[in-house]
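# Tertiary structure, described
Okay, here's what each chain looks like letter by letter:
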Amino acid sequence: MRLKTKLILICCMSILFSSIICSVAVFFLAKKNSLEAAEGQSFKMAMASISKLEDRIRALDDAKKGSVDRKVLEYIFKQQQDELLICFSGAGQEGEEIFNSTVFTQSDFEALNYTVISDRIQMAELQWEGMHFFVYQQLGEYSYSLYKLENVTYVWERMRLLGLGLAILSCVITMFACLLLYLILNKVLSPLQKLNEGAKQIARGRYEERIAVGRKDEIGELSENFNQMAGAVQLRIEELKEAEWRRTLFMGNLTHELKTPMTAISGYAKTLLTVRLPDEDREEALSYIYKESCRLERLSRKLMDLLLLEEEDAIELTEVCADVLFHNAAEACGRSLEEDGIHLECHGESEIFFVDVELFTEVLINLIDNARKASGSGERIILSAAENVIEVRDFGKGIPEEEKEKILEPFYMIDKSRSRKSGGAGLGLAITAMILKRHHCRLQIESEVGRGTRMILQFV
């Protein structure tokens, strides 16, 4: 069952239940008031009729009450011309009817439950063939028993009509409420239908779908949150696609990087096994196999570093002076810098940074090594530190503008021939970017072709 149908049913049942309770309360209150009004009016009429009868009896006979004989009573009752006035001789239950032949006997009247209204009258209720009567009996010591009936059937007729009207009114109100609720809920819940359609579109892969938000209520907030969720899903899907693309590219580059040295190693090894070479050629082949094996070892180590850095384990940051980082990096790169005739200058060694010493030393080594490869003999590299900033600057070839974003990708190299000769695989800056990300440090590259490059590490 749909939500709208449930809400309509619940609301209509509540309205119907409330209408029934109100109708029942109104019915019984109206019945009580009508019966009280009918009782008061009938009592007045009964008292008037009984008083008039007593006055006539006293006028005919001033003797002791009850001494008027039967014929006189019959005459008086006939003169009264009241069809609901009934008189029996005597005060017992088997008295003979004096006036007004009815289907009732005196015992029928005596069996009723009477309530004393005054010192002269008591009253009871009587139902007969769908009609309702108030029966008033005269009190006192008389030679006859007098009963005055007042027909109040009209009260029950009115109550029946009132009950029927209230039932019809409750049904009409409920039907009107159902229609009104349907129209209101159809308007109020229309955004939910749009949300449902939007969810179906996203499930079909259309992640760009959004819901038009034109409300300021809870449904509007839900629509806005849905759009934010859809945006997050779209962004995540794009990130996954990009990661998959990068992974595919990574594996392709890795296969290519491994294929070249492995082919050379396999070829030289096969030659050594099948051909008798002069000592000089054999030594050259073994030297090449050793050199390529070392290159594969470096490549595997860098790949392992890259894979480990992709894990989300927290790293331990300690307070380290820039002097320590610069010294470690300079010591690691000293031999290669000396061989290429490049001088390393360090400034601002007293600055303090919160880093992982080993990982951040690797960052500086990679940046200095890249600066060395871009520089010529006799040039210099400046390593400096300031507040929350470390900079590695060279005055070499520089980086073209369109290459700045690509150099952080694994296996990407601007000058592949130069990198091959120097034993590079294009993983240094990719590892550097990973380490900086774990340190919440931003890498800014400023470079101009032919004038050098500035690698700015900004801690945030």
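The rules behind these values
Residues numbered from 1 in each chain as written. Predicted model: local features only at pLDDT ≥ 70, side-chain atom pairs only at ≥ 80, totals over all residues. Heavy atoms only, no water. Core = buried A, V, L, I, M, F, W, Y, C linked by side-chain atoms within 4.5 Å. Buried < 20%, exposed > 50% of the residue type's maximum accessible area, 1.4 Å probe, protein only. Helix = DSSP H or I, 4+ residues; strand = E, 2+ residues; numbered from the N terminus. Contact = heavy atoms within 4.5 Å. Pairing = 2+ DSSP bridges. Axes fitted to C-alpha atoms, helices over the stretch in contact; angles between N-to-C directions. Salt bridge = Lys/Arg side-chain N within 4 Å of Asp/Glu carboxyl O. Phe/Tyr/Trp six-rings, centres within 6.5 Å; stacked < 30°, edge-to-face > 60°. Patch = residues over 30% accessible without salt bridge, like charges linked within 9 Å, V, L, I, M, F, W, Y side chains within 5 Å. Areas by Shrake-Rupley, 256 points an atom, 1.4 Å probe, with all protein chains shown as cover. Parallel < 35°, antiparallel > 145°, perpendicular 65-115°, else oblique. Left-handed = near helix turned anticlockwise from the far one by under 90°. Nonpolar A, V, L, I, M, F, W, Y, C, P; charged D, E, K, R; others polar. Expected span 1.5 Å × (residues − 1). Disulfide = S-S within 2.5 Å. Polar contact = N/O pair within 3.5 Å; in protein donor to acceptor, adjacent residues only side chain to side chain.

## Some thoughts on the nonpolar core
Counting residues in hydrophobic clusters, the biggest one holds 34 residues, and the most contacted among them are F360, L364, I368, I390 and L457. Of all the secondary-structure elements, those providing two or more residues to this core are α8 (322–340), β9 (352–355), α9 (357–374), β10 (380–386), β11 (389–394), α11 (428–438), β12 (441–448) and β13 (452–459). For this core, the element with the highest residue contribution is α9, accounting for seven residues. Contacts of L457, omitting those with residues within four sequence positions, involve F360, V363, L364, L367, N388, V389, I390, L436, C441, R442 and L443. Grouped together as the second largest cluster of nonpolar side chains are 22 residues, A38, I50, I57 and Y142 included.

## Regarding the sheet that holds β13
Spatially, five strands are ordered β8-β10-β11-β13-β12 in an open sheet, and the strand pairing comes out mixed. Where the open sheet ends on each side, the last strands, each with one partner, are β8 (343–347) and β12. Each neighbouring strand pair of the sheet contributes to a mean axis angle of 15 degrees, computed without reference to strand direction. As paired strands, β12 and β13 are joined by eight bridges and run antiparallel to one another. When the bridges of β13 are listed, R442 appears paired with Q458. Together, β8, β10 and β11 form the strand contacts of α8, whose direction differs from that of β10 by roughly 170 degrees.

## A word on the pattern of salt bridges
For the coordinates displayed, the defined rule picks out twelve salt bridges. The partner of R236 in a salt bridge is E239, and the shortest N-O contact between them spans 3.5 Å. Placement of the pair is R236 and E239 together in helix α6 (residues 218–274), with a separation of three residues, close to one helical turn. With its nearest N and O atoms 2.8 Å apart, the salt bridge here joins R454 to E391. Taken together, the positions of R454 in strand β13 and E391 in strand β11 put the pair 63 residues apart, joining distant regions of the chain. The exposure class assigned to E391 is buried, which follows from its relative accessible area of 14%.

## Structural notes on the packing of aromatic side chains
Following the criterion strictly, the structure yields nine aromatic pairs and no others. One aromatic cluster is present, formed by F88, F104, F109, W128 and Y147 through successive ring pairs.

## Quick notes on a nonpolar patch on the surface
Residues L16, I20, V24 and F28 make up a contiguous nonpolar surface patch of about 340 Å² in total accessible area. With respect to the secondary-structure elements, L16 resides in helix α1 (residues 3–60).

## Describing the packing of α8 against α9
Relative orientation of the contacting elements α8 and α9 amounts to 25 degrees, with a least axis distance of 9 Å. As judged from the angle between their axes, α8 and α9 are roughly parallel. Seen from above, α8 lies across α9 with right-handed handedness. Here L325, F326, N328, A329, A332, C333, S336, L337 and D340 of α8 come into contact with α9, specifically with V357, F360, T361, L364, I365, I368 and R372. Its residues assigned to classes, the contact of α8 with α9 shows eleven nonpolar, three polar and two charged.

## Thoughts on the pairing of strand β5 (residues 131–138)
Note on strand geometry: in a regular strand, side chains alternate between the two faces of the sheet. With seven of eight residues buried, β5 is to be regarded as a mostly interior element. Of the pairings in the sheet, the one linking strand β4 (residues 121–128) to β5 comprises eight bridges and is antiparallel in character. Its bridge partner lying in β5, L126 is registered against F133. Hairpin remark: β4 followed by β5, antiparallel, with two residues in the connecting loop; positive phi at E129, about 50 degrees. Sheet topology places β5 next to strand β6 (residues 144–151); five bridges connect them, and they run antiparallel.

## Structural notes on helix α5 (residues 190–203)
Over its 14 residues, α5 extends 20 Å from the first C-alpha to the last, a length consistent with the 20 Å expected when each residue adds 1.5 Å. One or two steps after α5, the chain reaches G205, where phi turns positive at roughly 100 degrees.

## Thoughts on the state of the cysteines
Applying the stated criterion to the full structure yields one disulfide. The disulfide that involves C12 links it to C178, with 2.4 Å between the sulfurs. Of this pair, C12 sits in helix α1 while C178 is found in helix α4 (residues 153–188), placing the two residues 166 residues apart along the sequence. C12 sits in the buried class, given a relative accessible area of 7%.

## Description of unusual backbone geometry
If you check the backbone angles, N388 has positive phi at about 65 degrees while not being a glycine. Structurally, the position occupied by N388 is in the loop between β10 and β11. The exposure class assigned to N388 is partly exposed, which follows from its relative accessible area of 38%. For H440, which is not glycine, the phi torsion reads 55 degrees and is therefore positive.

## A few points about the side chain of S23
For S23, the position within the fold is in helix α1. Classification of S23 by relative accessible area gives buried; the value is 14%. At 3.1 Å, the side chain of S23 and the side chain of S170 are in polar contact. When residues no more than four places from it in sequence are discounted, the contact partners of S23 are L166 and S170.

Just geometry here; none of it tells us what the structure is for.
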